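If you want the building blocks of each chain, they are given just below.
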Amino acid sequence: MAETVKILQAPQAGLSDMAKLQDLNVESILENIRQRFEADQIYTYIGSILAAVNPYKTIPNLYDFEVMEAYDKRHIGDLPPHIYAIANDAYYSMWKQTANQCVLISGESGAGKTESTKFILNYLSKMSQASAVETGNDVSVEKCILQSSPILEAFGNAKTVYNNNSSRFGKFIQLAFSSRGVIEGGKVQDYLLEKNRVVGQNPGERNYHIFYALILGAPDEMKQKLGLGAPEKYKYINQSGCIKDPNINDQQIYSDVNEALKDMKLNDEQVSDMFELLGAILHIGNLDFITAGGAQVSSMSVLKQAADLLSVDEYQLANALTEKTRLLRGELISTPLDEHQARDSRDSLAMNLYARCFHWIISRINVRIRTKPTFHSVGVLDIFGFENFEVNRFEQFNINFANEKLQEYFNKHIFSLEQHEYNAEGLDWVDIDWQDNGECLDLIVRKLGLLSLIDEESRFPKGTDGTMLDKLHSNHAKNGFYIKPRVNNSKFGIKHYAGDVFYETTGFLEKNRDTFRDEMLTTIKESRSDFIYDLFEDMQESSQPNAAKKNRKKPTVSSQFQESLHSLMSTLSACNPYFVRCIKPNSTKAPNAFEKTLTLNQLRYSGMLETVKIRRAGFPVRRLFDDFVRRYRPLLGKDTQSSHSQHKCISLLSSYESTNQKWQIGRTKVFLKEDLEIKLERDRAERVETLVTKAKACFKGYRARKAYKATVAKIVFVQKYCRMYRQRRRFLNLKDATITLQRYERGRKARQLFHVMMEERRMEEERKREEQRRRAEEEQRELERLKAEAKLRELEELQAKLEEDARIKAEEEAAKKKREEEERQRVLEKAKAIEAAKRLEEEQAKIRAEEERLKLENELRIRREEEALRLEKEEAERLVEEKRLEEEVRRREEELAYAMQQVMTHFDDSIAQLNSPSDLNLDKYYGDMFEEADQDSEYQDDDPDEDSVSRKSDDLQYWEGYLNMKCGGMVNTWKKRYCVLRDETLMWFRAKQEALKSGWLMKKGGGTSTLSRRNWRKRFFVLKGIELAYYESDSDGAPCKGIINIKQTKDILDSSFGRESSLDIITDKRTYHIVADNADDLSEWFSILMRVKNANEYELKQMQDEDANPKNAIGTLDVAVIDSVVPVHLQTKPNAFAIITAERVFNMSADSPEDMNGWLKALTQYHKGQRTYSKEEILMSGWLTKENTGTISRPGITRKKRYFILTSHSLDIYKSVDLQHKLGAIALNRLCSVTVPDDKMFKEIDYPPELVIMNGNRRSPPSGNPETNRRSSFSFGRKSSISGLATLSRPRSNSRPYVRDYDLPLPTNSPVASPTMRRRKLSWGKKSKIKMDLRTAMFQGGTWKFTIHSRRYSYNLFTPSNDEAWKWTYAIQEVIDSKPPIETPSQILIKELREASLNGYNDEIDKIYKLNPILRNVPYMLKSPLLPLPYGQIMSSNLDKGYTTLQDEAVKIFNVLQGSEQLPDPMPVIQGILQTCQDLKPLQDEVYCQLVKQTTWVKDADNLNNLRNWQILCCMCCTFIPSRSILRYVRFHIKRQVELSPKTQMAAYAGYALEALKRTRTREFVPSRDEIIAILGRRDMNATVFCHGGGSCQISINSSTTAGQVIHTLVKGMNLDSCYNRFSLYEKSGLVEKAIDDRSVVADILAKFESLNAQNDDGNKDSRFRARGLSDRGKPWQLFFKLFCFLDTQSVKPDSIEYSFLFEQAHEEVIRGKFPATDEQLIHLSALRMQFDKGDYVHGDWINDLTEVYPVDRLKVKPKEDNDFGFQQRDRKDTFISGTLRGIGEKTLKRLQKSASDDNILESVYRDDVSATITAIIDKWRTLKGTSAERAQNIYMSFMRSWKYFGSRLFEVECHDGRQAYPKSIWLSVNKSMVAVHKINDPNPLDEFPYEKILSFGAPIPNEYKIIVEGRRSELTFDTTEVFEIAKLMKAYINEIVKKRNMIPA
C-alpha cells in the first residue's frame, strides 16, 4: 500500500497534460515525453487522449489492485496519467452519456498495444466483479474474457524483429454491461490473420507461440501421441533460425493455454483434437516431394503421421497433394503436379488448417461469453500497428491500409468533426491545420484504386503479379501518393501517413485469391474427426455446378478485409471514442533507451503537435443546454430567475469563470474545457453528496421511529400473550384436578357393580349345570330300553328270512330244468326260421336297391332341369339389366357430350370476355342465362350463413366460398363443398375450415359423469379459437360432450413416457388424459394447443386467419393442369361453370351470379392460355418427347411431343409453341432429381439386343466378331422411301437361329399408317439376304433420354440431340440446386439436440425428447421417412431387386425393425437391410435415424427387441459411414444411452458400435454371414490366408482391418521384416488372381468371396464371371499371400522363407506361360519340379495333372521360332511331335477350327499332345535320379535367375502403334527399374523405358493402357483387361524408388 501511495503521490516530471505546454512545438513535446520516460512515468495526457511509451521493462506496483481502486470513480486529471484512468472514464461514461464507448489503441508494432489492451480488460473486469459482489451475481464471464487473452496470444501472436509478442491479427473486443455495471457477455472480432507465417518466417522471427509451447510444454504422453520430437526437426519452425527466446517462457504459455481452455468449457476431446491439428501441421511441413512421373511424396511415414492426426486416408491425402483434378465433359481428369506446385499445395493446406482452427477458437470464445440484450458496451480495439520491413508483402499492405483508416478516424474525431462543430455553433475559433490522409485512402479504395485493380486481376484466370503491377503503374503513376520505382522491379510504393513503404508484389494475387484446391478440401471433409470436418463444413468446392459463375463472385481476401474494416468503422462511429497512442522509444526493445529520431517520427506522423494544439485551444466537452442544466441542476441556486436553459448555463458558468476563457456558449450547446468540466463534476459530486446525506438522515430517522414503534408493539403483544398464558395454565391445572377426582369416584362405583354382577352370574351357572345333569340321566335310561327292544325284533326277522330262502331255492331249481329243455327246442326252430328269412331278405334287398337307384336318377334329372331353368332366367335378367345400363350410360354420355359441346362453344368468347380489360363483369354477358335460374335445385342449404359468400384478396391470389360441384360428368350427383383457391391450388372441403384442428382422440377424465372419468372414450375433438370441444361423432349436429378453455388451463403436458402418444390437459378442476393414434398426430395437437395457449390476441387472430390446410381437403386440383374455365348453361343450375382438364370435367355451381363471376375471375387469372413469360423468367425452352413412367404402355399414347418451358420454379408443359394449351407443370424443389443421358440409355432406347441400326452418320459398334457380322438391307414398306442397313450378328453354328418378335411403339409424328410395328421374324438362311419391315425403328433411332423425378410424377424426356439432352439436364439440375434444402422435423430436432449438447444443456435435451415423440421409440408403423429422400422410382439395375421408391423402402425397413425380436434367424433380415442400404445409398442415413429412434427411451434396455435393434445398429456402424450430421447424432445417442444404462448388454453393444464408427471404412459389399456373427458376438472374426504349397494360417480381423495391416502381421509373424522383396495379398481362384490394394478392407474381400462362391454354387452366373476372368472353373475364392514387387531377387538366401516364396512364384509364372523359354527348357524345368516334389522317379509314376508343372497353353499354338539363352538349341525329335497338333499345317488348323461343330476334335488332338509332353518330362525326370530336393530347387532357381529380367511381371497385351514398330500381341514387362516391350516368348526386349523417362501412365478408358515416354513422339497404347494391375505395379515400383532415394524406411 505504501508503495502504491508513493507512486500516486510522486512528483511529476515535466507536464502530465501536454495541453498545458506553453511552448507548443514538436521538440517541446518530445522533451516532455523524454523527461517523463526517464522518470518511469510512461503515461501522458493530451486532454483526454493518453500517450503511452513502452518501457520494455516491468515498473513495480504500477498496475497493482490498489492502483485500480485509487482510480475508481476518479476524473481524468485527478491522479497522475494512467491507462486505468481512461478505462475508468469509459466505464462510467456509459451512464453519464448513456451511449456505447470504445477505446482505440494505436501505434507501431512493438509499441505495447497488446499489453495496454490487457490492462484495460483487467480494470473493467475488476469493476464488473465489484458490482457483481454488490448485486450477488456470478463473475464467471469476466474470468472467461480475461482468460481469452492467453489463448488469443498463443495462437495469434509471434516474435518479430520489432516485438517479442507481436499481434499478427487484429481484434476488437466488445464487453457488454448490464445496467448495474456487471459484464454480462462479450464478443471478439478478428481481422486478417497472417496465415503465411505458419509456413515461413523472416530471419530472426518465430512462428506462432502455440507451436513452440506444444513441443516444449506438452507432457511426454501428449507428444508421443502427436509424434512430436525436438523443435529443430520441424521445417515450419526452424527455417528462420530462431527457435528459443530467453524472454519467452513456452512452458508457461502451454500451461496458461490449457487452463484458459478449461475455463472456456472446451472438453478434453476438443482440446485433444485441436492439438492433433497443430501436430499435423508440423508434420505436413516436413513433407517433401521428388519427381517420378510427376511429384511424389518422398516420405510416406511422415505423411502417415499427418494423415493419422487429421483422421484422413494417407493415400488420399498424398493424391490430393500431388494431383490436380478437373471436370471435363462430365469426367474427372487427373493431372500430376510438379514439385513446386506440390509444395504450394502443402503450404496451402497447412495455412488453411491453422486459419480455420484460429477462427474456430474465436467462435468458441464468443459462444462462452455470448451476450444478451444489455445496457451498453465498452469496446477495445487492438489492431496491428503500422509496419515497414525490408520486404513488405500483401499482409503489410492490408495492415497499413487498416492503419490509414484508423488514422482517418482519429483525424475525423479530433480535428475535422470538432472544428466543424465549433464553426457550426458560431464559436470564436481559428482553424488548426492538420495532416489529412484522405487522398492516400482514395488511392487505395476508390474506383479503379489499388484494391480494385488487385481484385480485378485476381479474378482473371491468367492474371499474374506482373500484369497486376503493370496495371498499377499505368493507372496511378501520376498520383502524388503513389511511388513508381525508378528501376524496373516487382515493387510499388505508397506515401502513407507514417512514411513511404515499398511493397513486393510477388505472391500478391495468390494470397489475395486464397486458393484451396478442391482435392484437398474433399480429402479434409472426409476426415473421421468431427472437429476437422466442422472447420471446413461451410467451405464450398469450386467444381460444383455453376462453379465458373461462383468463382467470379467469390470474394477475395482484400475485399473481405475491406468489408470487415468497414463494419468496424461503422461500429466505432456509433461509439464515443477514447484514444490511446502507444509510442515505441527504441527499435532494439531495450529498457531505459530513448531514441529521439524514432520517437520524433512517430510524433510527427501521428499528428501529436496538432492534437496538443486542438486540445489546448479547443473545448472537448460539449453538451446541449437542457442536458447541461439537467446534469448540473444541483449547482443551480434557487435564486435563478430565468427559465431559459441557455441563461441558466451562462449564469452557472459565469460563477465559475467570468472571463469566458474556459467555456463558450454556442447556438445549442455549451462548450467547456476539460479542467472546468472536472471542477463542475467535483462540485456537483460534493453537492449531491450533501443533499444525499440530508436525505439519508431523514430516511434514517424515519426508519428509527418506525423501528421503535414496531418494537413497542411487539413488546405489548408479548406481554398480552404472557398474561394469557399464565391464566390459562392456572385454569388447566384446576380442570385436570377435577377430572382426576371424578375419575377415581367413577372407578369405585364401577368396581362395586362388577362384584355384584359376578356373583349373580356364578349362581346362574350352577343352576344350569344341575339341570343338564338330570336331563342326561333320563336320556341314558331311555336309550338302553330302546336298544333291548331292537335286538329282539332282529332275531325274529332273521329266522323268518332263513325259512323263506330255502323255499325259493327249491322252486328255482325245478324251473331251471324246465327252461333248459324249452330253450333247446326253441333254438332248433329258430335256426330253421333264420335260414328261410335270410333267403327272403336277400330277394327284397335287391328289389329295394333297384327302386332307390331309379328314384335317385329321377331326382337328379329334375334338379338338372330346375338348375338349367334358373340359369336361363338369370342370364335373361342379366342381359336385360346390361341392356338397360348400356342404354342409361349411352343416354348420359350423350348428355355429357352435349354439355361439353356447350362448354367448348362458349370457351373462346368467354375467355376473351373474362380477359377483356374494359369489361370484366360477366353478368351482362351471361345475363340471360342467370335469369333462367331454377330455384328447385338438387341441393338446398336450409341454414345458410354468412360464410357462404365468397371471399377474396386484393390480388385474386386467394378465393373461398361454398360451391355445388359434380366431378366426372352427369353420372355423379351434386354435392355442396367449401372450396378454397390458394397458391394455384383449388381445394374442396366438406365444410368451412373454421377449426384450427380437428380429429379423433381417445379421452379419459373430464366430462359430466363419473363413468367418463374412469373409462377411455373415443371423441371427435374440434379446436375453434381458444375452445377445445369434443363430440360423440364427427357428424353435423352431434352432441357436444364438453368444452375446454385452453387459455384457462394450468398446463399442457406431453405424457408419452407413461402412455404412448398421450398428453394431459390440466385445468383448475380436473385433468383430461388424451391419446392420439400416432406420435405425428400427437405432435401436431401438442404444437397447436401450446401455440393457442401462449398466443396473444393478434397471434390468435393470425392463426384463425390461416389458409385452409390441404391435408384436410377432400380433393385438390392444381390450377396448372386446368385447360379452361367457362360458364355452362344448365336448366337446374343457372350459376354453373365448368373446369376442364385433360382427364376430367368438374361442374361447379355458385349460389349467385356474383359468386360465379368472382370464381371465374379468380380461376381464369391462372388460365394457361393466357400465361405469359418475361425473358428473364425463361431459362430454357424447346420441344421434347414426353413419356410418363407411371402409366401403362399403350401404343401411340405413352410418348407425345410437347413444348417445354423451364423457369426458376417449374418445368411447364404446353401443347404448342403458342402457349395456349398448358398441359401441366412440374414443380421443382430440392428433392427433385434428373438423370443424365448416357450412351447406355441411348442404346436401350433405340435398339433391341440383337439389332443395331445405322442411322445417318451415327453407328453403334457391332457385337461379336466383326468377321462374322452380316449386313442386310431393309425397307419400310412398298411406298416408303426410307431405307438403311441393319447389322445382324450371326449365331454360332451349333445354336438355333435367332427368332425374335418385337412390338415397338410408333412415334406420333410417324408417316407410317400402322399405329404399331408389326411382328416380324428374323431368321437365318444359307447365303440368303434378309429383308425386314422394321417400321418405326428408324424413328426411334438417335434419341437420347433423360428422366426427371418430381413429387407427383416422373417423366422420361427424349430429344434427338445429345448436346440438347445435356443442356436440359444441366439447366434443370441448376434450378433444383438453387432451391433451399428441405428439412424434416427430425432434422430440425437433431440440430436442436446438437446445439443443446454443445452448450451442455442437459435439461434442454431431456425436454426435447419429452416434447417430441418423433425422436422416441414407438410401437406403431412409420408412415413417412424421417429424413427427406429424393423423389421418383429407383432407377438402374436395382429395379431387378424389387425396389420401388426410396420412401417406400424406408417405411418397409422400419416395419421390419419393429418385429425383429420375433425372428428365429435374424441373419437374412440383417443382410437384407444392409444390402438395401448398400444398393440405395440415400437410405443409409434414414436407417441410422430409424435405429436411433427405436433405441431411444426404451423402458427395458435389455429386452430382446431393443438388443436386436442395437445389433443391427452395430452392423450398420461396421459397414456404412453416415453423413456428418447423422454421424454426430449417432455418436451423441450412443454415448447418452451408455450414460443412462451402464452395465447392461445394451451398453456393451453401444460401446462396440462407437468403436466401430471410429475405424469404419467405405465398403463395396455388405458383411458376410461370418462377419455378422462376429459383430453380434462383439468379437473379431477369423480369416484364412493361403500361400504356396497348400499352407495356410488363421488371422484375427475386424470389419475395418485393411490388407496392409494383414500383410504387416504376416510379415512380422514369418520373420520377413528384413526381406528383400515386397509382399501383398491376392484374391485367387485357381489360376485367376488379383493383387489386393493395401487400403482394401479384408472383410469386404471375404464378403465378395461369399457372394461369388454362392453364385458359383448356383451355377446361373458362373459363366458370366468366367467371361470376365473373375473365376476359374468354379474354384473357390481364397486370400493368398505372395510376393508383389521383386526388388532384389539375387540376394535372397536359399535357406530362407523368402526363397521358398520366390521359387514357388517363379514356377507359377512358368506354368502360366509367362516365362520366355524353349520347349526343351520347359521340359527340363518341369522335370526339376517333379524331382523337387516327389523325389526320384519310381517305375509306374505318371503326371496326372500336367498343368501343375508345364504351361499347357503352349501346346495349343505352335511357336514360330525358338530363342535360346543359356541352353543350346536342340533338334526336336519326330516322336515328340508325331501325331500332335503341331504336325498340322497352319491353314489346315484354321480350316479345322472353322469347320468343327464343337470342341471334341480339338480336345482329342490336344490330348495326344499332352500325353507326348508328359512322356518327355518323365524321360527327363529319370535322368535326375539322386538329385536332392534342395539341389533340384537350386538348379531351377539358377536357370530362372540366369534370365537378365527375372523378377519382371509379364502382361500379354495388344499394341496399337501407328508406326507398327511392334507386333500386335506382345508382352509388357514391368520390373523394378523400367517397363519393357517383348515379343511373346522372346527373352530380349524390343524397347526399354526407365521410370525416370516415363512422364505419365494410366487408363483413360476401360481396357486401354497408355504410357507417355519422354522423347517419344507417340503414346504407347495397349489393349488389356489388366490395366489396373499394371498401373498398381508400376506405382508400387515408383514408390520403392522414391523410398530408396530418400533412404527413409516405409
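Each chain carries its own residue numbering, running from 1 in the written order of its sequence. Local features are withheld for residues below a pLDDT of 70 in this predicted model, meaning they are given only at 70 or higher, and side-chain atom pairs are given and counted only at 80 or more; totals for whole chains, interfaces and linings count all residues. Based on all heavy atoms of the structure, the side-chain values leave hydrogens and waters out of the count.

1. Re the overall build of the protein
Only DSSP runs of H or I reaching four residues or more are called helices, and only runs of E reaching two or more are called strands; each is numbered from the N terminus. Across its full length, the protein carries 55 helices and 56 strands. Remark: exposure states derive from per-residue accessible area (1.4 Å probe, protein chains only) relative to the maximum for the residue type, with buried under 20%, exposed over 50%, and partly exposed in between. Among the 1946 residues that make up the protein, the fraction classed as buried is 46%. Counted over contacts in the protein with a minimum sequence separation of 6, partners at least 24 positions apart contribute 66%. Here the accessible surface of atoms and residues is derived via Shrake-Rupley with a 1.4 Å probe, and residues count as covered only by protein chains that are part of the display. For the protein, the accessible surface area stands at approximately 103,000 Å², while carbon and sulfur atoms represent 50% of it. We call two residues contacting when some pair of their heavy atoms lies within 4.5 Å.

2. Observations regarding the sheet that holds strand E15 (residues 499-504)
Think of it this way: DSSP has to see at least two bridges between two strands before they count as a pair. Strands sit in the order E13-E14-E15 across an open sheet of three strands; the sheet is antiparallel. Each end of this open sheet is capped by a strand with a single partner; those strands are strand E13 (482-483) and E15. Bridging between strand E14 (residues 491-496) and E15 involves six bridges; their strand directions are antiparallel. Residue His496 lies in a different strand from E15, and its bridge partner there is Gly499. Where helix H16 (residues 438-445) meets the sheet, its contacts fall on E13 and E14, and the angle it forms with E14 comes to roughly 145 degrees. For helices, the axis comes from a line fit to the C-alpha atoms of the stretch in contact; other axes are also lines fit to C-alpha atoms, and the angle between any two N-to-C directions lies between 0 and 180 degrees.

3. Digging into the pairing of strand E23 (residues 985-989)
With five of its five residues buried, E23 lies for the most part within the structure. Side chains Thr985, Met987 and Phe989 of E23 all project onto a buried face; the interleaved residues Leu986 and Trp988 project onto the opposite face, where all are buried too. Summarising the sheet, strand E22 (residues 975-982) and E23 pair through five bridges and their orientation is antiparallel. If you follow Val980 over to E23, its bridge partner there is Met987.

4. Let's talk about the packing of helix H17 (residues 450-458) against helix H18 (residues 465-476)
Across the interface, H17 lies against H18 with an axial gap of 10 Å and an inter-helix angle of 150 degrees. Taken together, H17 and H18 sit at an angle that is classed as roughly antiparallel. At the point where H17 passes H18, the crossing takes the right-handed sense. Along the contact surface, H17 presents Leu450, Leu453, Ile454, Glu456 and Glu457, while H18 presents Thr467, Met468, Lys471, Leu472, Asn475 and His476. For this classification, Asp, Glu, Lys and Arg are treated as charged, while Ala, Val, Leu, Ile, Met, Phe, Trp, Tyr, Cys and Pro are nonpolar and the rest, including Gly, are polar. The residue makeup of the contact of H17 with H18, split by class, is five nonpolar, three polar and three charged. Just so you know how the angles are binned, under 35 degrees is roughly parallel, over 145 roughly antiparallel, 65 to 115 roughly perpendicular, and the rest oblique. By definition, any crossing whose near helix is turned counterclockwise from its far helix by less than a right angle is left-handed, and any crossing with a clockwise turn is right-handed.

5. Topic: the environment of Ala1136
Considering the arrangement of structural elements, one finds Ala1136 in strand E33 (residues 1136-1141). Accessibility expressed as a relative area gives 1% for Ala1136, which makes it buried. In sequence terms Ala1136 and Met1148 are twelve residues apart; their C-alpha atoms lie 5.4 Å from each other. When neighbours within four sequence positions are excluded, Ala1136 is seen to be in contact with Pro1127, Val1128, Leu1130, Met1148, Ser1149 and Met1156.

6. Topic: the packing of aromatic side chains
Stacked, tilted and edge-to-face are the three classes assigned to paired rings of Phe, Tyr and Trp, where Trp is represented by its six-membered ring and a pair needs centres within 6.5 Å; plane angles under 30 degrees give stacked, over 60 edge-to-face, the rest tilted. Per the stated rule, a full pass over the model turns up 41 aromatic pairs. Centre to centre, the rings of Trp1366 and Tyr1370 are 5.6 Å apart; their planes meet at 35 degrees, and the pair counts as tilted. Note that Trp1366 and Tyr1370 are positioned in helix H36 (residues 1362-1378) at a spacing of four residues, about one turn of the helix. Its relative accessible area of 24% is what places Trp1366 among the partly exposed residues. Where Phe1703 meets Phe1732, the ring centres are 4.8 Å apart and the plane angle is 65 degrees; that geometry is what we call edge-to-face. Highlighted residues: Phe1703 in helix H49 (residues 1697-1711) and Phe1732 in helix H50 (residues 1719-1734), separated in sequence by 29 residues.

7. Concerning unusual backbone geometry
Residue Tyr56 is not a glycine yet carries a positive backbone phi of 55 degrees. Take Tyr56: it is sitting in the loop between strand E2 (49-53) and helix H3 (65-71).

8. Let's talk about a nonpolar patch on the surface
A cluster of nonpolar residues, Phe717, Val718, Tyr721 and Met724, forms a patch on the protein surface that exposes about 390 Å² of accessible area. With respect to the helices and strands, the residue Met724 is situated in helix H28 (residues 674-914). Each patch is built from salt-bridge-free residues with over 30% relative accessible area, joining like charges within 9 Å and nonpolar side chains (Val, Leu, Ile, Met, Phe, Trp, Tyr) within 5 Å. What counts as a salt bridge is simple: a side-chain nitrogen of Lys or Arg found within 4 Å of a carboxyl oxygen of Asp or Glu.

9. Here we look at empty space enclosed by the protein
Any empty space left between the atoms is revealed when a probe the size of a water molecule rolls over them. Every definition here rests on a 1 Å grid over the protein atoms only: cavities are sets of points where a 1.4 Å probe fits but cannot get out, pockets are open sets enclosed by protein on both sides within 12 Å along at least five of seven lines, and lining residues have some atom within 4 Å of a point. Grid points are joined across faces, edges and corners, and a volume is the space filled by probe spheres set on the points. A complete count under the given rule lists 13 cavities of 30 Å³ or more for this structure. Of the volumes computed, that of the largest cavity is approximately 190 Å³. Phe1686, Gln1705, Glu1709, Ser1848 and Arg1849 are the residues nearest the centre of the largest cavity, which is lined by 20 residues in total. Only strand E49 (1678-1685), H49 and strand E50 (1849-1856) provide two or more residues apiece to the lining of the largest cavity. Per element, the largest residue contribution to the lining of the largest cavity is four residues, and it comes from H49. Taken together, the residues of the lining of the largest cavity break down into twelve nonpolar, three polar and five charged.

10. A closer look at the packing of H49 against H50
Where H49 meets H50, the closest approach of the two axes is 11 Å, and the angle between their N-to-C directions is 140 degrees. The orientation of H49 with respect to H50, classified from their angle, is oblique. H50 is crossed by H49, and the crossing has left-handed handedness. Residues Phe1703, Glu1704, His1707 and Val1710 of H49 pack against Leu1722, Leu1725, Arg1729 and Phe1732 of H50.

11. Let's talk about the sheet that holds strand E43 (residues 1344-1349)
Within the open sheet, the seven strands sit side by side as E38-E37-E36-E35-E44-E43-E39. Their pairing is antiparallel. The open sheet is flanked by strand E38 (1222-1227) and strand E39 (1233-1234), the only strands paired with a single partner. Taken together, the five bridges between strand E37 (residues 1210-1214) and E38 define a ladder with antiparallel strand orientation. Within E38, the residue paired with Asp1212 across the bridge is Ala1225.

12. Here's the deal with the pattern of salt bridges
Applying the stated criterion across every chain yields a total of 70 salt bridges. Ionic pairing is found between Lys405 and Glu408, a salt bridge with its closest N-O pair at 3.6 Å. Residue Lys405 and its partner Glu408 are both found in helix H15 (residues 394-424); the two are separated by three residues, about one turn of the helix. The closest approach of N and O atoms between Arg773 and Glu777, which form a salt bridge, is 3.2 Å. Placement of both Arg773 and Glu777 in helix H28 is noted, with a separation of four residues, approximately one turn of the helix.

13. Some points on the nonpolar core
We call a set of buried Ala, Val, Leu, Ile, Met, Phe, Trp, Tyr and Cys residues a nonpolar core when their side-chain atoms join them within 4.5 Å. Grouped together as the largest cluster of nonpolar side chains are 123 residues, with contacts concentrated most on Phe155, Ile210, Phe211, Phe275 and Tyr354. At 13 residues, the largest contribution of residues to this core is made by helix H14 (residues 339-368). Setting aside its immediate chain neighbours within four residues, Phe275 contacts Ile210, Leu214, Met222, Leu226, Tyr254, Asn258 and Leu261. Formed by 98 residues, the second largest nonpolar core is a distinct cluster that contains Val1611, Val1642, Phe1681 and Phe1686.

14. Notes on the environment of Thr1584
Secondary-structure assignment places Thr1584 in strand E45 (residues 1581-1586). Distance from Thr1584 to Gln1594, taken between C-alpha atoms, is 4.7 Å for residues ten residues apart in sequence. Those residues in contact with Thr1584, other than ones at most four positions away along the chain, are Ser1592, Cys1593, Gln1594 and Leu1679. Throughout this description, a polar contact denotes any pair of N or O atoms lying within 3.5 Å of each other; where both atoms belong to protein, one of them has to be capable of donating a hydrogen while the other can accept it, and for residues adjacent in sequence the pair is counted only when both atoms sit in side chains. At a separation of 2.7 Å, a polar atom in the side chain of Thr1584 contacts the side chain of Gln1594.

15. Side note on H17
With seven of nine residues buried, H17 is to be regarded as a mostly interior element. Considered for burial, the residues of H17 that qualify are Leu450, Leu451, Leu453, Ile454, Asp455, Glu457 and Ser458.

16. Observations regarding helix H37 (residues 1385-1398)
The periodicity of an α-helix, 3.6 residues per turn, causes residues three or four places apart in sequence to face the same way. A helix is expected to span 1.5 Å for every residue after the first. Helix length check: H37 (14 residues) gives 20 Å between terminal C-alpha atoms against 20 Å at 1.5 Å per residue, within 8%. Those residues of H37 that fall on the buried side of the exposure criterion are Ser1386, Leu1389, Ile1390, Leu1393 and Ala1396. Projected down its long axis, H37 carries its buried residues within an arc of 125 degrees, all on one side. For H37, the secondary structure elements touched by its buried residues are helix H38 (1402-1411), helix H41 (1483-1494) and helix H43 (1524-1540). Directly beyond the C-terminal end of H37, a positive phi value near 75 degrees is found at Gly1400. Here the arc refers to the directions that run from the helix axis out to each C-beta atom.

17. Side note on the confidence of the model for the protein
In the predicted model, the protein carries a mean pLDDT of 78, and the fraction of residues at 70 or more is 80%. Every residue is assigned a pLDDT by the predictor, reflecting its confidence on a scale from 0 to 100. Per-residue pLDDT, averaged within each element of the protein, yields its smallest value for strand E42 (residues 1283-1289) (32) and its largest for H41 (94). Confidence drops under a pLDDT of 50 for residues 1660-1671, and excluding neighbours within four residues, the segment shows 20 contacts in the predicted structure. Long-range and interchain partners of residues 1794-1798, a stretch whose pLDDT sits below 50, account for two contacts in this model, where long-range means more than four residues apart.

18. Section: the pairing of strand E25 (residues 1017-1024)
As defined by bridge partners, strand E24 (residues 997-1004) adjoins E25 across seven bridges and the pair is classed as antiparallel. What sits directly across from Leu1001, in E25, is Arg1019. Across five bridges, the pairing between E25 and strand E26 (residues 1027-1031) is antiparallel. Its bridge partner lying in E26, Val1022 is registered against Ala1029. Hairpin connection between E25 and E26: a loop of two residues separates the two successive antiparallel strands, and Gly1025 in this loop has a positive phi of roughly 65 degrees.

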